[in-house]
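# Observations on chain architecture
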Amino acid sequence: MCGIVGVLGNHEAAPILVEALKRLEYRGYDSAGIATVNAGKLARRRAVGKLVNLGDLLVHEPLAGKSGIGHTRWATHGEPNATNAHPHRSGPVAVVHNGIIENFRELRAELAQHGLTPQTDTDTETVAMLAQHFMDGGMSATDAAIATLGKLHGAFALAFLFDGEEDLMIAARKGSPLAIGYGDGEMFVGSDAIALSPMTDRISYLEEGDYAILTRAGASVFTADGKAVDREIRKIEVGATRIDKAGHKHFMAKEIAEQPTVIAETLANYISKSGEIRLPDPQIDFSKVDRITMVACGTASLACLTAKYWFEQIARLPVEVDVASEFRYREPPIPARSVSLFVSQSGETADTLAALRYCAGKADNIVSVVNVPESSIARESDLALPIYAGVEVGVASTKAFTCQLTVLFVLALKAASQRGELTDAQLQDHIAQLRRLPALMAEALDQNAKVKETARKLSSARDVLFLGRGPLYPLAHEGALKLKEISYIHAEAYASGELKHGPIALIDENMPVVVMAPRDRLFDKTVSNMQEVMARKGKVILVSDREGLSEASIGVWDTIEMPDVSDAVAPILYAIPAQLLAYHTAVAKGTDVDQPRNLAKSVTVE
Ligand code: F6R
């Protein structure tokens, strides 16, 4: 988390830095700050809260200078206040940082012996103090920064700026991503290429352990042990980096509404007109695979849990799913003839990346399903499957989730046909169902006004339960997660059949229970569980198709009608009412939908 940016430019740096930080605000919004060097002097401005506060401050206290660094923070060490906001400064050095310096306490103790004491509660300040210490000892700014990097343990993307140096910036990466942007006599660094897209489309990425010495003339890149290296400069697609709300009140609303379009795009990229599934190289032969291990975090892990139903039922391939933060330390054995599959919107989630690195060299195939093709997870996979969702800005994942599901479903179909578990006719039937999805999603979105009314009722609840069975069970979890994270209402999900084993004790007249139940082969069983809830005065919101509602809506508190859909594809479609419910509940409560408290979109720390 945290976004960093740097510029050695030919124009005033402050507005450029703020513009870039706007694009990085998804990484954290506890505070923001910039530092520039002007007439040889370092100066900085920092403000608590969102970037607009820094914008206001800069109106009253502008900061001149054509060289600068900037930061948007998701607090790890030290509360979110102005003192702890980046850039951190120690004497002639200013630093912005994304990551965690794990040995900062030891370093602080060492520095105290040299009379340097911290002014903040952060780990990052220690980096600036160390560099100052080396400069006090006579080192040049560059040598001091390099010596500092050698002392740091943990994860970092860093940019250093120095008093008296208007044409020098040192950037480094270990664990956290960092892009270098090449302009015309100008150079940039940023946590991602999107941040730099208004300035340049020529980007290179630092590799693990690299550091770079930047001047306006270019960048010299070195490996951690000081060997000069070339890192390929690529042209990034500027079209993919447009970020606006397109007339919607929130990015989340826009991203929910975009789903018919982006799902059609995903399908077009994976399924040819003649109905052939086409995956990028290298191809995997699933007939030689005995097991899939899927690892992810949050919403992406719920996409994996849904996919488990598909791979097991359709492809008869056993799947294990784990959240990355547990998987990486469990040291699980990775059997031969296995695929390790990692799902991540950002492709930078620290735990997922660490889990991938654990599997590298152990599993036969490392596969990832990612939205950002240049991300670390994509680059470190044998096979990276893009989801084609486009930039997702809202912190709560919506279109990325349904695009992840779509790619995973296509992959399950490919595996099933390679393993001889699907006839051609069955495969084509599934593909036909998938192709109906964009139109069905558009129909589901037509329920927006109805869902808004339901959400108004839900917004006064203190707790909400979500129930589902089969592949709708992970979706119940996704509905609960969405509601929690943006409306701050406590929500839990249970497999419908599990309710009577304990959680049913929670049911009373104050408990709304959202039941996700298409009229599938498990419908009658889910309806029985729903009756158990209503018998205890629970207020049921039944989400089902016309047939399901006509059979089972007597006595329910509210209903949301979905179009008919095949059993297998249902979780992708039913994501829409789950997302809309959370969205409208949050709007009714007046919470910050796109930037909910305590969260950040890209979680690059453990
Ligand atoms: C919830 C949400 C998070 C992410 C999780 C993983 O709406 O967005 O739970 O799904 O942080 O992020 P990625 O997919 O970037 O690895």
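Just above sits the structure.
Not measured: the values here are computed from a predicted model.

## Observations concerning the overall build of the chain
Counting secondary structure elements, the chain contains 19 helices and 25 strands. Against the compact-globule benchmark of 25 Å for 606 residues, the chain has a radius of gyration of 25 Å, which places it among compact chains. Each principal axis of the C-alpha distribution contributes one length, and for the chain these read about 80 × 50 × 45 Å. Per-residue burial for the chain yields a buried fraction of 60% across its 606 residues. The contacts in the chain between residues at least 6 apart in sequence include a share of 71% that link residues at least 24 apart.

## Examining the site of the ligand
Around the ligand, a shell composed of 13 residues is seen, among which Ser344, Gln345, Ser346, Thr349 and Glu485 lie nearest. Contacts to the ligand include lysine 482, whose side-chain N or O atom sits 2.9 Å from an oxygen atom. Its free accessible area being 410 Å², the ligand has 90% of it covered by the protein chains. Secondary structure elements with two or more residues in the shell around the ligand: α9 (298-313) and α16 (472-487). A total of three residues in the shell around the ligand trace back to one element, the largest contributor, which is α9.

## With respect to the pairing of strand β23 (residues 512-516)
Within β23, five of the five residues are buried, leaving the element largely enclosed by the surrounding structure. Across the two faces of β23 the burial is the same, with Pro512, Val514 and Met516 and Val513 and Val515 all buried. Sheet topology note: the strand β21 (residues 463-468)/β23 ladder contains four bridges and is parallel. Bridge pairing in β23 links leucine 467 to valine 515. By the bridge criterion, five bridges tie β23 to strand β24 (residues 539-545) in an arrangement that is parallel.

## Here we look at the side chain of aspartate 123
Following the sequence through the fold, aspartate 123 ends up in the loop between α3 (104-112) and α4 (125-136). Arginine 73 is the oppositely charged side chain nearest to the buried, salt-bridge-free aspartate 123, at an N-O distance of 6.3 Å. With residues near it in sequence (within four places) discarded, aspartate 123 still touches Thr76, His77, His97, Gly99, Ile100, Ile101 and Phe104.

## Structural notes on the packing of helix α14 (residues 424-445) against helix α19 (residues 570-589)
At their nearest, the axes of α14 and α19 sit 9 Å apart, and the two run at 20° to each other. The orientation of α14 with respect to α19, classified from their angle, is roughly parallel. In this structure, α14 crosses over α19, and the sense of that crossing is right-handed. Facing Leu434, Leu437, Leu440, Met441, Ala444 and Leu445 of α14, the residues of α19 in contact are Ile572, Leu573, Ile576 and Leu580.

## Some words on helix α15 (residues 448-458)
Side chains of residues three or four places apart in an α-helix project in the same direction, reflecting 3.6 residues per turn. Of all the residues in α15, the buried ones are Val451, Thr454, Ala455 and Leu458. The buried residues of α15 occupy one face: seen down the axis, they fall within an arc of 105°. Among the exposed residues of α15, those pointing more than 90 degrees away from its buried face are Ala449 and Arg456. In this structure, the buried side of α15 is in contact with β21, α16, β23, β24, β25 (558-562) and α19.

## Details of the sheet that holds strand β1 (residues 3-8)
What the eight strands build is an open sheet, ordered β3-β2-β4-β1-β10-β9-β11-β15; its pairing is antiparallel. Unpaired on one side and paired on the other, β3 (41-48) and β15 (234-235) mark the two borders of the sheet. Summarising the sheet, strand β2 (residues 31-38) and strand β4 (residues 67-73) pair through seven bridges and their orientation is antiparallel. Counted as the bridge partner of threonine 36 is glycine 68 from β4. In the packing of helix α1 (residues 13-24) onto the sheet, the strands contacted are β1, β2 and β4, and the crossing angle to β1 comes to about 155°. Along the sheet face, helix α2 (residues 51-60) touches β2 and β3 and points at about 130° away from the line of β3.

## Remarks on the nonpolar core
Most often, soluble globular proteins keep nonpolar side chains buried together rather than apart. Formed by 96 residues in total, the largest nonpolar core has its most connected members in Ile292, Trp310, Phe311, Leu341, Leu434, Phe466 and Tyr574. Sorting elements by how many residues they give to this core places helix α13 (residues 399-418) first, with 13 residues. Residue contacts for leucine 434: discarding those within four places in its chain leaves Leu267, Ile271, Thr406, Phe409, Val410, Leu413, Val569 and Ile572. Ranked by size, the runner-up nonpolar core spans 29 residues in total, among them Val95, Phe104, Met129 and Phe222.

## A few points about unusual backbone geometry
Look at the link from histidine 86 to proline 87: it is a cis peptide, with omega at -5°. With respect to the helices, strands and loops of the structure, proline 87 is situated in the loop between β4 and β5 (88-90). A cis amide bond links aspartate 281 to the next residue, proline 282, at an omega of -5°. Position of proline 282 among the secondary structure elements: in the loop between α8 (259-270) and β16 (291-296). If you check the backbone angles, tyrosine 488 has positive phi at about 65° while not being a glycine. Judged by relative accessible area, tyrosine 488 falls into the partly exposed class, the value being 27%.

## Re the sheet that holds strand β22 (residues 490-495)
Taken in spatial order, the five strands of this open sheet run β22-β21-β23-β24-β25, and their pairing is parallel. Of all the strands in the sheet, the pair left with one neighbour each is β22 and β25. With strand direction ignored, the average angle separating the axes of adjacent strands in the sheet is 20°. In the packing of α15 onto the sheet, contacts are made with β21, β23, β24 and β25, and the angle to β25 comes to roughly 150°.

## Quick notes on the side chain of aspartate 192
Relative to the helices and strands, aspartate 192 resides in the loop between β10 (187-190) and α6 (193-196). One buried charged residue, aspartate 192, forms no salt bridge at all, with the nearest opposite charge on arginine 27 at 4.4 Å. At a separation of 2.3 Å, a polar atom in the side chain of aspartate 192 contacts the side chain of tyrosine 26. When neighbours within four sequence positions are excluded, aspartate 192 is seen to be in contact with Leu24, Tyr26, Arg27 and Ala179.

## A few points about α4
Given a rise of 1.5 Å per residue, twelve residues ought to cover 16 Å, and the 16 Å separating the end C-alpha atoms of α4 matches this to within 8%. Where burial is concerned, most of α4 is hidden: ten out of the twelve residues are buried. Taken residue by residue, α4 has Glu125, Thr126, Val127, Ala128, Met129, Leu130, Ala131, Gln132, Phe134 and Met135 as its buried positions. The inward-facing, buried residues of α4 contact β5, β6 (93-101), α3, α5 (141-151) and β7 (154-162). At the exit of α4 stands glycine 138, carrying a positive phi of roughly 105°.

Conventions adopted
- Residues numbered from 1 in each chain as written.
- Predicted model: local features only at pLDDT ≥ 70, side-chain atom pairs only at ≥ 80, totals over all residues.
- Heavy atoms only, no water.
- Helix = DSSP H or I, 4+ residues; strand = E, 2+ residues; numbered from the N terminus.
- Rg over C-alpha atoms; globule rule 2.2 N^0.38 Å.
- Buried < 20%, exposed > 50% of the residue type's maximum accessible area, 1.4 Å probe, protein only.
- Contact = heavy atoms within 4.5 Å.
- Near = heavy atom within 4 Å.
- Polar contact = N/O pair within 3.5 Å; in protein donor to acceptor, adjacent residues only side chain to side chain.
- Areas by Shrake-Rupley, 256 points an atom, 1.4 Å probe, with all protein chains shown as cover.
- Pairing = 2+ DSSP bridges.
- Lys, Arg positive; Asp, Glu negative; His and termini not counted.
- Salt bridge = Lys/Arg side-chain N within 4 Å of Asp/Glu carboxyl O.
- Axes fitted to C-alpha atoms, helices over the stretch in contact; angles between N-to-C directions.
- Parallel < 35°, antiparallel > 145°, perpendicular 65-115°, else oblique.
- Left-handed = near helix turned anticlockwise from the far one by under 90°.
- Arc of directions from axis to C-beta.
- Core = buried A, V, L, I, M, F, W, Y, C linked by side-chain atoms within 4.5 Å.
- Expected span 1.5 Å × (residues − 1).

On their own, these measurements won't tell you what the molecule is for.
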